Amino acid sequence: MNALAAKLGGRAPRTAVILGSSLGDLAQAVEDALVIPYTELPGFPAPGVSGHAGKLFAGRLGGREVAVLAGRAHPYESGNAAVMRPAIGMLKEAGIETLILTNAAGSLSPRMRPGSIMLIADHINCSGMNPLIGQHGDENFVPMTDAYDPALRQRFHAAAKAEGILLHEGVYCWYSGPSFETPAEIRMFQIIGGSAVGMSTAPETILARRIGLKVAGLSVITNLAAGIEGASPSHGETKREGARAAEKLKQLVTRFLKDG
């Protein structure tokens with residue numbers, strides 16, 4: 001039994017959610033929550049960015065058993081694209097089958113305003129990194145077609161319709177950070193088909209697909225990307241707008257779980 005399974009004390013969630021910057025309200029909504037600090041789980045990251053609590057909440061949400069990770073470590077903090085590998089591997093070993101990844105992101109279109117939620121249909125790796133570099137074996141040639149599970153995406157659209165939430169869908173661009181993108185880079189991302197840009201999620205998707213987890217991804221739009229309508233993003237804006245949109249995210253994920 002791994003450390004997480006031992007800490008769960010008989011609870012058996014099949015779905016886990018990793019929360020992005022300032023989206024911790026979802027963790028607070030978990031009922032009958034068992035709260036486990038990451039420091040008690042070997043290999044779990046110690047988030048070094050404000051807005052990431054570094055705690056796992058195990059309990060019920062939408063009537064379903066769930067594990068909610070309030071915070072992640074980002075590749076830009078250490079230069080290690082596989083920084084979330086131990087945590088995702090431990091989730092799998094503890095019985096998790098579906099991983100819902102959330103993040104705060106910048107919109108590449110003026111039509112998708114701050115406060116919006118975008119369901120990730122696909123991603124573009126603009127970082128120059130890959131979390132599987134350095135691993136050996138044919139199993140690392142992971143197919144990424146439908147990496148964001150089509151059936152899970154259909155369920156999220158149904159949940160959004162039921163809750164009266166406008167849910168965009170698009171392509172997430174993973175940029176390494178931690179500096180924000182330049183306006184010229186944003187124009188490039190628009191040309192190659194991006195819809196939103198952020199500094200996480202894609203490496204976690206690759207790691208999760210490598211070990212057979214189903215993945216869904218949600219971007220909470222916290223700002224217009226650099227240069228769009230004169231925008232110049234800041235981490236303060238990300239935290240502020242993320243917190244404002246957290247209630248809508250909680251509503252959507254709760255309905256998704258309830259109807260599952």
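Before reading further, recall that the structure is shown in the block above.
Predicted model, so just to flag it, every value in this text is computed and none were measured. (Residues numbered from 1 in each chain as written. Predicted model: local features only at pLDDT ≥ 70, side-chain atom pairs only at ≥ 80, totals over all residues. Heavy atoms only, no water.)

Caption draft 1: Fine view of the packing of aromatic side chains. According to the stated counting rule, one finds three aromatic pairs in the structure shown. Taking the centre distance of 5.2 Å and the plane angle of 65 degrees together, the rings of Tyr 38 and Phe 44 count as edge-to-face. The buried category is assigned to Tyr 38, whose relative accessible area is 3%. Of the residues examined, Phe 44 reaches a relative accessible area of 9% and is grouped as buried. Above the plane of the ring of Phe 256 lies Arg 155, whose end atom (NZ or CZ) is 4.0 Å from the centre. (Phe/Tyr/Trp six-rings, centres within 6.5 Å; stacked < 30°, edge-to-face > 60°. Buried < 20%, exposed > 50% of the residue type's maximum accessible area, 1.4 Å probe, protein only. Lys NZ or Arg CZ within 6 Å of the ring centre and 35° of its normal.)

Caption draft 2: Inspection of the packing of helix α5 (residues 150-163) against helix α8 (residues 235-258) at higher detail. In contact at an axis separation of 9 Å, α5 and α8 are set at 115 degrees when each is read in the N-to-C sense. The handedness of the crossing between α5 and α8 is right-handed. Residues Leu 152, Arg 155, Phe 156, Ala 159, Ala 160, Ala 162 and Glu 163 of α5 lie in contact with α8, whose contacting residues are Gln 251, Leu 252, Val 253, Arg 255 and Phe 256. Considered class by class, the residues forming the contact of α5 with α8 number eight nonpolar, one polar and three charged. (Axes fitted to C-alpha atoms, helices over the stretch in contact; angles between N-to-C directions. Helix = DSSP H or I, 4+ residues; strand = E, 2+ residues; numbered from the N terminus. Left-handed = near helix turned anticlockwise from the far one by under 90°. Contact = heavy atoms within 4.5 Å. Nonpolar A, V, L, I, M, F, W, Y, C, P; charged D, E, K, R; others polar.)

Caption draft 3: The arrangement of the pairing of strand β5 (residues 98-107) in detail. In terms of burial, β5 is a largely internal element, 10 of the 10 residues being buried. Two strands pair when backbone bridges link them, and strand β1 (residues 15-19) and β5 are joined in this way by four bridges, in the parallel orientation. Note on β5: the bridge partner recorded for Thr 15 is Thr 98. Summarising the sheet, β5 and strand β9 (residues 214-224) pair through 10 bridges and their orientation is parallel. What sits directly across from Leu 101, in β9, is Gly 217. Alignment of β5 against strand β8 (residues 196-198), held across two bridges, turns out to be antiparallel. When the sheet's bridge partners are listed, Ser 107 is paired in β8 with Ala 196. (Pairing = 2+ DSSP bridges.)

Caption draft 4: Layout of α5. Spanning 14 residues, α5 covers 20 Å between terminal C-alpha atoms, matching the ideal 20 Å at 1.5 Å per step. Residues of α5 that are buried include every one of Leu 152, Arg 153, Phe 156, Ala 159 and Ala 160, and no others. Within α5, the buried residues cover an arc of 120 degrees as seen down the axis, which keeps them to one side. With respect to the buried face of α5, the exposed residues turned more than 90 degrees away are Gln 154 and Lys 161. Where α5 begins, one side-chain oxygen reaches toward the backbone nitrogen of Ala 151, 3.1 Å away; that side chain belongs to Asp 149. The first or second residue beyond α5 is Gly 164, which carries a positive phi of 70 degrees. (Expected span 1.5 Å × (residues − 1). Arc of directions from axis to C-beta. Polar contact = N/O pair within 3.5 Å; in protein donor to acceptor, adjacent residues only side chain to side chain.)

Caption draft 5: Just the pairing of strand β4 (residues 64-70), in detail. Here β4 lies mainly inside the structure; five of its seven residues are buried. In this sheet, β4 lies alongside β1 in parallel orientation, the contact comprising five bridges. Its bridge partner lying in β4, Thr 15 is registered against Val 66. In the sheet, strand β3 (residues 55-61) pairs with β4 via seven bridges, with the strands oriented antiparallel. By the bridge assignment for β4, Phe 57 is matched with Val 68.

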